[in-house]
Amino acid sequence: MTASHPGRPTPEVYAGVDIGGTTTQVVLCTADLAVVDSVEVPTPAARGGQAMIRAALDALGLLQGRVPSRLLGVGVGAAGVVDTRTGRILVASDSFTGWAGFPVTATIEKALGVPAFLDNDVNAFLRGEVSKGAVAGEPHVLGMTLGTGVGGALWMNGTLVEGPHGAAGEIGHIPGFGELPCTCGGRGHLETLASGRSIATRYGERTGRNLTAWGVAEAAVVGDADAIAVYEAAGAGIARALLITAGLVDLATFVIGGGVSRAWELLEPPILATLAAEPPVSGQPIRVVRARLGSGGVALGAASRARTELAAATPDQAATPVQRASSPPPRR
Ligand SMILES: [Zn+2]
């Protein structure tokens, strides 16, 4: 029994790790996913998988030094295509060296001696928002991230839907959104309208001016008609994607995050206008909310995956009151 001596017992914690192209975030949270401490370090993306995991483990070690605790498990959210069962990266963008094929969870488990779990970063984002964010407790949600690209993830009946090939919810890369070429090699995908890169490109095509997506948003706010048109096209495209999802799987709750969602006051009006013009056949009102957890959402969602997996793996232990007497029980 861990709490047999007087004084404060050592709290049990989960770690969440978000390995992005430029920064790696690590959070430590309690069993009910309250963040105890967090840290952000540069991702050594050019130095290979071993160096990237070493940076994450060093950051985690720093947190463990600051917060005396017993680590139960680690969740990792990573960009790219991942195999959630084997814990390996399958496909990584070319900003990462030696990352595709890297055994993420095996490397962490060997180093720390606790179970580790790997998720795609968009799936981890949605896990975070469903656990502690803008759609906390919702059983059916589509999550969308508007970043460099457009990502999507699907949560139904209180669990993440991965699909037989791990690509369920990939709303950014279905056709029907025009004719423009997409980064994936396809055409007319939502990403050609609504990603940060596309917003910058579409504005550049109209004006010859080279601005970031945020720069285009600033121009729209002061009345630049081309900038407003680019954001209106993005918002209308997003709404169409929500309507397709609503019609296909009868969802009514949507959460949108990523850097482009910072310009929510520009995106929300065209989203709501399109939804009002073409309501779903179910008659169910659609609720679209902006993500709440910000840049820490992926790490928190990764930690929530670890908590969910470990609670499912050890139901007897989780339910034993003696072992958990000193800390709050996991809330579901
Ligand atoms: Zn595409």
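Presented here is a report on the structure given in the accompanying data block. Quick caveat: nothing in here was measured; it's all calculated off a predicted structure. (Residues numbered from 1 in each chain as written. Predicted model: local features only at pLDDT ≥ 70, side-chain atom pairs only at ≥ 80, totals over all residues.)

**Points about the environment of Gly296**
Defined as follows: A helix here means a DSSP run of H or I that spans at least four residues, while a strand means a run of E at least two residues long, and both kinds are numbered starting from the N terminus. Working definition of a contact: two residues with C-beta atoms, positioned from the backbone, lying within 7 Å.
Position of Gly296 relative to the elements: it lies in the loop between strand 12 (287-290) and helix 9 (297-313). If near-sequence neighbours (up to four positions away) are discounted, Gly296 is found in contact with Gln25, Val27 and Ser38.

**Focus: the sheet that holds strand 2 (residues 23-29)**
Basically, it comes down to this: Pairing between two strands is assigned when DSSP locates at least 2 bridges connecting them. The angle between two axes is taken between their N-to-C directions and runs from 0 to 180 degrees, where each axis is a line fitted to C-alpha atoms and a helix contributes only its stretch in contact.
Spatial ordering of the open sheet is given by 3-2-1-4-7, a layout of five strands whose pairing is mixed. The two strands at the open ends of the sheet, each matched to only one other strand, are strand 3 (35-42) and strand 7 (116-120). Across this sheet, the average inter-strand angle for adjacent strands is 20 degrees, counted without regard to direction. Of the pairings in the sheet, the one linking strand 4 (residues 70-78) to strand 7 comprises five bridges and is parallel in character. For Ala78, the partnering residue across the bridge sits in strand 7 and is Asn120. Packing of helix 2 (residues 104-112) onto the sheet brings it into contact with strand 4 and strand 7, and relative to strand 7 it is tilted by some 150 degrees.

**Digging into the sheet that holds strand 8 (residues 141-146)**
The strand order across the open sheet built from five strands is 10-9-8-11-12, with neighbouring strands paired in mixed fashion. A single partner strand is all that each edge strand has here, and the edge strands are strand 10 (159-161) and strand 12. Between one strand axis and the next, the sheet turns through 25 degrees on average, direction left out of account. The sheet contact formed by strand 8 and strand 9 (residues 150-156) spans six bridges and is antiparallel. Residue pairing across strands places Val141 opposite Trp155, the latter belonging to strand 9.

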